[in-house]
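# Tertiary structure, described
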Amino acid sequence: MLDDDTRALLEAGSSTIVGLVDRAGEPFATRGWGSVVLDGEPLRLRVLVGAGAFAAAGYHPGAEARFAVAVTGAEVRTLVSVQVKGTAVALDEADDDDRRRTASFCEDFFGAVKATDNIDRALMERLVPADLWACTIEVDEVFDQTPGPRAGSRLDR
Amino acid sequence: MTEAVELRLQDLARCFDGAIPVVLVTVSAAGVPNVTYLSKAHVVDHERIALSNQFLSKSARNLAEVPRGSLLIIEPTAHDEYRLDIAYERTERRGRVFDELKSEIDAIAAHTGMQEVFRLRAADIYRVTRIRQVPANERADGSAGTDPWTTRPPRATADVAGLGELCARIARCTDLDVLVKVTLDGLAELLSYEQSMLLLLDEGGRRLFTLASHGYEHEGVGSEVAVGEGVIGLAAERAAPVRVGNAHQIAKYARSVRRSFEASGAIEPGREIELPGLPFADSRVAVPALALGQLVGVLAVEAVASAEFVAADEAALTVIASLVGTAIESIRAEERAASAGAPAKTSPSASPMAGAAGAAPTTHVRFFAIDGSTFLDGDYVIKGVAGRLLWSLLRQYEREGRTEFTNREVRLDPTLALPDFRDNFESRLILLKRRLDEREATIRVEKTGRGRFRLAVTGNVRLDELPTSS
């Protein structure tokens, strides 16, 4: 289980970055648009991602999806960050719950960015993908990724 | 699709001003990716960038195994996002690129007083092998879901005609008070720098005090910043321009790092340096004003918008600051020469407490000898040399009724504690004058000629000297 703070950081309106290895074996960076920690074991995270980005990396829904993924969530105001690493075990078209999750995520994320960095919502909205896919990840490791000397230290699960 | 337009690194200059944090993804030999935020990215040439290496232990290991990365950057005015494929080439720990990146990292450290721990370990140099724009509201097929926005055009900078006109105006100034007004007004009128300030180095060479500002609700005359602190203090310490386009992100990143260092016990909790100026300014440029190789002061401009200033602004402001620095030194030399030729002392102007109207309101002046802090009717006005100068003038006014003074005689007053060499008397006199003018005080200083001035007092004054400030 994740502790409550880590879970809240991943599920709230945090700046979310997804790192993966594309079909050609190269590192690939994109953004995440809402996450939820799924119940049960093993620990799994369902992350909403841009369909265009994952397609560009060579991954599509329905195809066999087992590839390494890292997801970092950074609290907008403090930059307190965590990173989970694991394996993508499913890639699906986003459903209605997923789209509601992304809408809620954007509401929180954009509000925090406006309050903290004075960046207008209209600008932030340009980053949101029109088409979303949901990537389910089995989490192997959790790290403190807050900028500073402890960045990269492992957090107990 | 994503590659309709071939993008060049030089087209993305604003993305590297740091207004939006840069994200780097690397991968280990075992195929495990790693995500990290960077404090700074810097364009090296038309095909290379440098990334700050401060806390990149995992990324560094990954790059040793797989020397490639994926970078996400955002253009701050239209929020166009770009994904860069990069190939690690080398690490530099000295040289031009390292120094340039270090200067930017030092600006972050100076902002929060973390110079001892917030350091650049190395500049990692990467060749950019591919630039792809991430389409706005990207669809699954890679097309854009919305039309592109136009980026905010860069502000007009380095207008040669305006620069020339301002240089000519500065060259015609013969008086320090006029010089600072002409400079700051001209920066706004001719070069569109709406918020600016001029700070001069104090006698000890350790602090800068604001002599004048333009475009602020309060002029802030007399406010101080230590050499080495913040963007302005760093420009003074380095005697080199410092530019930031992301003050908010700098502050946020540095606060986060500071908390982490505090938690590890590496540093004690510290204070964040309060920069003078606009409360929401995100862009700042500070350039040193030098004369004969010596630091005279710092000229600074700022703007609310992110990434507002570019290298051309540094160049234009360096021209102005150099001219101002030289002009200040020339005026000081002229004033000293004029003081030497002026009468040592003017005759008393009138009877003691001349000008005091019996029924007029009384201004209560309190002076703290320990640091020269001076208060008018309970409100702080000035401290240091300027405070001691005001107190000395008021004492003579009270004792002898004098209102007319020469720079020469006042400069010799031992209670001012001026240094023997390169004293700042004229600057302190103008500082006092502008501070009293700013406050619309009942006590003013008026220039009456080269090396001469008058103390103008409206109403009565009551003087009260206290030995300490507590």
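Before reading on, note that the structure itself is shown above.
Heads up: these notes are all about the structure in this document. Computed from a prediction, not measured in an experiment: that's the story for all the values here. (Residues numbered from 1 in each chain as written. Chains lettered and ligands numbered in written order. Predicted model: local features only at pLDDT ≥ 70, side-chain atom pairs only at ≥ 80, totals over all residues. Heavy atoms only, no water.)

This part is about the overall build of chain B. Counting secondary structure elements, chain B contains 10 helices and 20 strands. Out of the 470 residues belonging to chain B, those deemed buried represent 56%. Residue pairs at least 24 apart in sequence account for 68% of intrachain contacts in chain B once pairs closer than 6 positions are excluded. When the accessible surface of chain B is summed, it comes to about 19,400 Å², and 51% of that surface belongs to carbon and sulfur atoms. (Helix = DSSP H or I, 4+ residues; strand = E, 2+ residues; numbered from the N terminus. Buried < 20%, exposed > 50% of the residue type's maximum accessible area, 1.4 Å probe, protein only. Contact = heavy atoms within 4.5 Å. Areas by Shrake-Rupley, 256 points an atom, 1.4 Å probe, with all protein chains shown as cover.)

Residue and element names in this part refer to chain B. Pairing within the open sheet is mixed, and its 4 strands lie in the order E16-E15-E14-E20. At either margin of the open sheet sits one strand with a lone partner, and together these are strand E16 (379–382) and strand E20 (460–466). Taking the axes of each pair of neighbouring strands and ignoring which way they run, one obtains an average angle of 30 degrees across the sheet. Relative to strand E15 (residues 373–376), strand E14 (residues 362–368) runs antiparallel, the two being bridged by 4 bridges. Bridge assignment links Val-365 to a residue of E15, and that residue is Leu-376. (Pairing = 2+ DSSP bridges. Axes fitted to C-alpha atoms, helices over the stretch in contact; angles between N-to-C directions.)

Let's shift gears to the packing of helix H4 (residues 176–191) of chain B against helix H10 (residues 425–438) of chain B. Any two packed helices are characterised by the angle at which their axes cross and by the distance between the axes. All names here are of chain B. For the pair H4 and H10, interaxial distance at closest approach is 9 Å and the crossing angle is 65 degrees. Regarding the angle of H4 to H10, the classification is roughly perpendicular. Of the residues in H10, those in contact with Leu-176, Asp-177 and Val-180 of H4 are Glu-426, Ser-427, Ile-430, Lys-433 and Arg-434. (Parallel < 35°, antiparallel > 145°, perpendicular 65-115°, else oblique.)

Quick look at the interface of chain B and chain A now. On the chain A side, the residues contacting the 47 residues of chain B number 48 residues. Carbon and sulfur atoms make up 57% of the area that chain B and chain A hide from each other, which totals about 4,000 Å². Interface area lost by chain B to chain A is led by Tyr-37, His-79 and Lys-252 of chain B, which between them contribute 16%. Inspection of the chain B/chain A interface yields 3 salt bridges. A salt bridge links Glu-26 of chain A to Arg-68 of chain B; the shortest N-O distance between them is 2.5 Å. At the boundary of chain B and chain A, one finds 17 residue pairs in polar contact (both at pLDDT 80 or more). Going through the elements one at a time, strand E1 (22–27), strand E2 (33–38), helix H1 (57–65), strand E5 (68–74), strand E6 (81–92) and helix H6 (247–264) of chain B are the ones with two or more residues in the side of chain B that touches chain A. Sort the elements by how many residues they give to the side of chain B that touches chain A and H6 of chain B lands first, with 10 residues. Considering only residue class, the side of chain B that touches chain A consists of 21 nonpolar, 15 polar and 11 charged. (Buried area = accessible area lost by both parts, 1.4 Å probe. Salt bridge = Lys/Arg side-chain N within 4 Å of Asp/Glu carboxyl O. Polar contact = N/O pair within 3.5 Å; in protein donor to acceptor, adjacent residues only side chain to side chain. Nonpolar A, V, L, I, M, F, W, Y, C, P; charged D, E, K, R; others polar.)

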